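Architecture and fold: a report
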Amino acid sequence: MKKIEAIIQPHKLEEVKEALKAIGIDGMTITEVRGHGRQKGHKEIYRGMEYHVDMLPKVKLEMVVPDARAEQVIQTLVQSARTGKIGDGKVFVYDVADAVRIRNDDRGEGAL
Amino acid sequence: MQNLSQSETLTRSNSVDEIVLAAFDRFELPVTAIAVGGYGRRELFPYSDVDLLLLNSGPLDPAAREGVSAFLRTLWDAGLRVSQSVHTAAECCVIHEGNLELTISLLDQRYLRGDASRYEQLTTAFPKFLNSQRGAIVAHLIQAARTRHAKYGGTIYHLEPDVKEHPGGLRDLHVIHWLRKMKSFETEPLDQVREQLFAVRSELHRFSRRDNNVLMFEAQEALSTDPANWMRQYYRNARQIFGAATRAINACEPVENSLFSQFRERRSRLSTADFTVSRERVLLRNPGQLTHDPSAATRLLLYVGRHGLRVAQDTMQRLTLMPSFAMTWPELRRLLALPHCVAALRVMAESGLLVKFIPEWSRIDCLVVRDFYHRYTVDEHTLVAIQGLEQLSGDQQSLRKRFAALYTEIDHRELLHFALLLHDIGKGDASGDHARQSSVIAQRVMERLQAPQEDRDTVLFLIEQHLALSSIMTSRDLNDGATARQISQSMGTIERLKLLTLMTYADVSAVNPTAMTPWRLEQLWRVCRIGLDEFTRALAADRIGAPDQADAQTSAFLEGFPTRYLRTHSPADIQRHQELARRPPGIALDRLNGTYQLTVITPDRQFLLASISGALASFGFNILKAEAFANRNGLALDTFVFADPNRTLELNPPEADRVRDTVERTILGKVMPPGSSASGAARFP
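Residues numbered from 1 in each chain as written. Chains lettered and ligands numbered in written order. Predicted model: local features only at pLDDT ≥ 70, side-chain atom pairs only at ≥ 80, totals over all residues.

1. Regarding the overall build of chain A
Rules: Going along the chain from the N terminus, every DSSP run of H or I of four or more residues is numbered as a helix, and every run of E of two or more is numbered as a strand. As a rule, residues whose C-beta atom has 12 or fewer other C-beta atoms within 10 Å are exposed, those with 20 or more are buried, and those in between are partly exposed; C-beta atoms are placed from the backbone. For every residue pair, C-beta atoms are placed from the backbone, and the pair is scored as a contact if these atoms sit within 7 Å.
Looking only at helices and strands, one finds two helices and six strands in chain A. When the 112 residues of chain A are sorted by exposure, 18% land in the buried category. The long-range fraction of contacts in chain A, counting pairs at least 24 apart against all pairs at least 6 apart in sequence, stands at 72%.

Structure (structure tokens):
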């Protein structure tokens with residue numbers, strides 16, 4: 001099993017969800033997050049007051065999928081989340097040791 | 001039929017008595033059984049605890065202790081949840097620091113069984129003890145009630161209320177009951193509201209099959225066929241209880257002599273010919289005044305809105321009794337522009353003046369909207385939203401201070417407040433689009449109040465669009481120029497964008513205390529920011545071309561001005577400018593909230609802006625803002641906003657003519673502005 005974690009632009013969320021749904025991925029955890037990548041922050045001046053903008057709003061999606069599906073999910077995510085501009089985000093993939101369904105003790109891929 | 005639930009709690013208490021007495025008689029116990037707390041009051045709800053006090057004369061020997069245990073086991077086996085304590089009469093008459101629960105439970109005591117002489121000791125000693133400790137106990141009761149109210153946000157309007165602990169719950173009835181045992185003061189009859197609350201709690205306990213006091217959605221649905229209306233009734237009931245409890249607490253509040261209370265007393269300096277302020281509360285000097293002079297109510301509200309004071313109980317009662325209430329649109333605008341307008345709105349809502357003034361308000365009064373996110377009823381959400389803006393002032397938190405700055409920039413916060421007041425009023429309707437429905441109702445209200453068209457347009461725009469920015473925030477690419485263009489086009493003016501940003505801020509923040517996350521704050525600000533950037537960039541570059549204005553005169557005037565001119569000026573401004581342009585040079589000097597505005601329209605020439613600036617500076621004025629536009633016919637429009645730190649214009653009204661005259665001669669090139677020559681420099685500050 002792989003855990004796939006994607007940080008994407010907020011406005012791309014609906015499109016990404018639709019694309020994942022189309023390939024049969026329904027379960028995911030979505031979090032509104034703030035952070036920055038390589039560009040770091042920038043200073044913004046509004047009416048003479050200086051504001052430091054270092055944390056940009058993004059959306060984080062997390063899902064665990066069977067190994068066999070991982071590549072397809074990653075491709076779908078990347079294609080649907082891409083605008084080609086700076087700040088499009090990243091996808092991280094982790095190995096998952098095990099999964100348990102709390103309700104009935106199902107283990108491994110059967111618990112997904 | 002009447003007092004069904006109260007007689008039910010009494011019946012349960014009686015049958016518990018039988019069980020307790022029968023069990024007591026089975027064991028030879030060297031203690032005296034006394035019912036205290038709710039059981040002492042003969043108010044036992046299904047599944048509620050049975051509070052027992054066992055009076056002894058000294059430490060119990062092992063045999064007696066075993067007997068007491070067996071007695072209690074018998075009660076548990078009979079299905080009673082007993083909560084017992086064992087004390088001597090002397091122990092009952094001591095203040096237990098930090099824990100007055102025993103003392104308070106003893107306020108409701110009832111002899112059950114056992115050595116009666118021991119009970120007599122208690123009934124002789126306890127009143128003396130109460131007498132000596134009255135002040136401390138009352139202070140404790142008040143403190144505990146205040147802390148409890150604060151813990152639950154000081155509001156009864158929770159969507160899943162706790163019928164015991166929340167403001168307006170059973171505990172508040174107890175507080176009134178206990179305070180009345182300690183002090184004498186008047187309260188309104190509460191039998192009916194008590195009966196209602198008793199009925200709800202009894203049914204809730206039966207539904208939950210335990211002592212559960214949280215009225216969850218699930219229970220609301222199970223206990224009534226029309227949960228929305230049933231809950232409305234619940235809130236109205238709770239509102240009465242909360243009001244009565246607050247009044248009881250205020251009536252019993254000890255007169256403190258602390259530094260803080262002396263400071264608060266200083267506010268009594270605010271007293272006027274109409275009102276006195278005592279202990280943070282406003283009183284009418286002449287109590288009968290409201291009857292023969294209804295406009296005193298408006299003055300009172302303005303006063304409350306200016307100083308953020310509370311209204312004394314007696315005055316509140318008189319407001320409630322007013323047969324009708326109305327304000328003019330200008331009065332309402334004044335009220336809503338005040339720094340504590342929510343305090344005044346709350347007085348209006350609680351006294352019923354708001355419904356008398358805007359009958360449509362009753363649609364959302366205590367209205368529950370059932371979803372996961374909303375914490376408050378619709379009316380409360382509305383007031384919390386406006387309060388959120390009030391509290392923005394001076395907020396230094398890095399994400400919020402930008403909104404705080406925005407709030408100080410807008411010209412008409414009262415229109416924003418009014419739009420918020422009515423933004424959800426359409427929720428009382430079953431149909432889907434509440435923003436649309438709210439704007440229809442708001443339109444009707446403003447027609448009735450004869451609000452000018454310009455104000456109506458702004459308010460209706462804000463209400464109709466109050467969800468627009470939230471949607472852009474989550475669904476549009478903020479780095480895309482098209483999004484920025486769409487924002488600037490749909491908002492129309494910079495002022496509207498600012499107003500709507502603040503409206504969105506207030507609306508989201510008032511959903512629940514954690515709804516406005518840093519994520520949303522940042523995202524909302526970005527939406528506002530890209531919109532503002534678009535306005536300032538595009539508007540300066542865009543020129544008004546072949547205009548679609550109806551009349552040729554307006555077209556000729558506007559042609560060649562940057563689009564920014566249209567976006568930063570109201571139609572009334574534009575019309576005024578046109579009038580000034582008829583006989584150039586047109587010069588107007590107006591007073592504007594503590595500053596002055598000079599508007600000049602004249603054929604453009606080199607150094608025009610500079611020489612007018614010089615003329616103003618020569619009078620010692622401080623220029624705060626200046627704008628210059630020129631149209632295709634070479635007509636220049638310059639506006640200056642300036643402060644008058646020496647109060648020259650205020651103290652010498654004829655000086656205004658001299659300013660106009662100097663400016664005119666400067667424009668026509670007849671004089672060099674005095675400030676530009678060595679001799680005129682004397683007036684510089």
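2. Comments concerning the packing of helix α21 (residues 434-448) of chain B against helix α22 (residues 453-464) of chain B
A pair of packed helices is captured by two measures, namely the crossing angle of their axes and the spacing between those axes. All names here are of chain B. Spelled out, the test is: Here an axis means a line fitted to C-alpha atoms, over the contact stretch when the element is a helix, while the angle between two N-to-C directions is reported on a 0 to 180 degree scale. Between 65 and 115 degrees an angle is taken as roughly perpendicular, under 35 as roughly parallel, over 145 as roughly antiparallel, and anywhere else as oblique. Whether a crossing is left-handed or right-handed is set by the direction in which the near helix is turned from the far one by less than a right angle, anticlockwise for left-handed and clockwise for right-handed. When residues are grouped by polarity, Ala, Val, Leu, Ile, Met, Phe, Trp, Tyr, Cys and Pro land in nonpolar, Asp, Glu, Lys and Arg in charged, and all others, Gly among them, in polar.
In contact at an axis separation of 8 Å, α21 and α22 are set at 160 degrees when each is read in the N-to-C sense. The pairing of α21 with α22 is recorded here as roughly antiparallel in orientation. Note on packing geometry: the crossing formed by α21 with α22 is right-handed. For the pair α21 and α22, contact is made by Ala435, Arg436, Ser438, Ser439, Ala442, Gln443 and Met446 and by Arg456, Val459, Leu460, Ile463 and Glu464, respectively. In terms of residue class, the contact of α21 with α22 is built from six nonpolar, three polar and three charged.

3. Focus: the pairing of strand β2 (residues 50-56) of chain B
All names here are of chain B. For clarity, the cut-off: Any two strands are treated as partners once DSSP identifies two or more bridges connecting them.
By the criterion of burial, β2 is predominantly enclosed, with seven of the seven residues buried. Alternating positions in β2 separate into two faces, Val50, Leu52, Leu54 and Asn56 on one and Asp51, Leu53 and Leu55 on the other, with burial throughout. Where strand β1 (residues 32-35) lies against β2, four bridges are found, and the strand directions are antiparallel. Paired with Ile34 across the two strands is Leu53, which belongs to β2. Relative to strand β3 (residues 82-88), β2 is paired through seven bridges, and the arrangement is parallel. Residue pairing for β3: Leu55 is matched across the bridge by His87.

4. Topic: the sheet that holds strand β5 (residues 56-65) of chain A
Residues and elements named next belong to chain A. Pairing within the open sheet is antiparallel, and its four strands lie in the order β2-β5-β1-β6. Looking at the sheet topology across the chains shown, the edges are occupied by β2 (29-35) and β6 (89-95). Going across the sheet, the axis of each strand differs from the next one's by a mean of 20 degrees, ignoring polarity. Examined bridge by bridge, strand β1 (residues 2-8) and β5 share seven bridges and lie antiparallel to one another. Bridge pairing in β5 links Ala6 to Leu61. Against the sheet, helix α2 (residues 67-81) makes contact with β1, β5 and β6, and its axis sits at roughly 5 degrees relative to β1, the strand it touches most.

5. A closer look at unusual backbone geometry
With a phi close to 70 degrees, Asp105(A) is a non-glycine residue in the positive phi region. With respect to the helices and strands, Asp105(A) occurs in the segment after β6. In this structure, Arg209(B) is a non-glycine residue whose phi angle is positive, near 55 degrees. Note that Arg209(B) resides in the loop between α8 (191-208) and α9 (217-223). Judged by the 9 C-beta atoms lying within 10 Å of it, Arg209(B) is exposed.

6. Remarks on the interface of chain A and chain B
How large an interface is tends to be reported as the accessible area lost when its parts come together. Taken residue by residue, the interface counts 15 residues in chain A and 13 residues in chain B. Class assignment of the residues belonging to the side of chain A that touches chain B gives a composition of six nonpolar, four polar and five charged.

7. Quick look at the pairing of strand β8 (residues 586-592) of chain B
Side chains on a regular strand alternate between the two faces of the sheet. Residues and elements named next belong to chain B. Of the strand pairs in this sheet, β8 and strand β9 (residues 595-603) are connected by seven bridges, and their pairing is antiparallel. Each bridged residue has a counterpart across the sheet, and for Leu592 the counterpart in β9 is Thr595. Once β8 ends, the chain turns through two residues before running back antiparallel as β9, passing Asn593 with a positive phi of about 35 degrees.

8. Some details on the confidence of the model for chain A
What counts is decided by this rule: The predictor attaches a confidence to each residue, and that confidence, scored 0 to 100, is pLDDT.
Summary statistics for chain A give a mean pLDDT of 88 and a share of 88% for residues scoring 70 or more. Mean pLDDT across the elements of chain A bottoms out in strand β3 (residues 42-46) of chain A (68) and peaks in β1(A) (96).

9. A look at the packing of helix α20 (residues 413-422) of chain B against helix α25 (residues 494-509) of chain B
Residues and elements named next belong to chain B. Packing of α20 against α25 leaves a shortest axis separation of 10 Å and a crossing angle of 45 degrees. On the basis of the axis angle, α20 is oblique to α25. For the pair α20 and α25, the crossing hand works out as right-handed. Contacts between α20 and α25 involve Leu416, Ala419 and Leu420 on the former and, on the latter, Leu499, Leu502, Met503 and Ala506. Considering only residue class, the contact of α20 with α25 consists of seven nonpolar, no polar and no charged.

10. Brief notes about the nonpolar core
All names here are of chain B. Under the convention used in this document: The term nonpolar core means buried Ala, Val, Leu, Ile, Met, Phe, Trp, Tyr and Cys residues held together as one set by C-beta atoms within 7 Å.
Counting 117 residues, the largest nonpolar core has Val304, Ala419 and Leu502 as its most contacted members. The dominant element in this core, judged by the number of residues it contributes, is helix α10 (residues 227-252), at 11 residues. Apart from residues no more than four positions distant in its own chain, Leu502 is found in contact with Leu389, Phe403, Leu406, Tyr407, Ile410 and Leu416. The next biggest cluster of nonpolar side chains, apart from the first, holds 26 residues, and it includes Val16, Val20, Val36 and Leu122.

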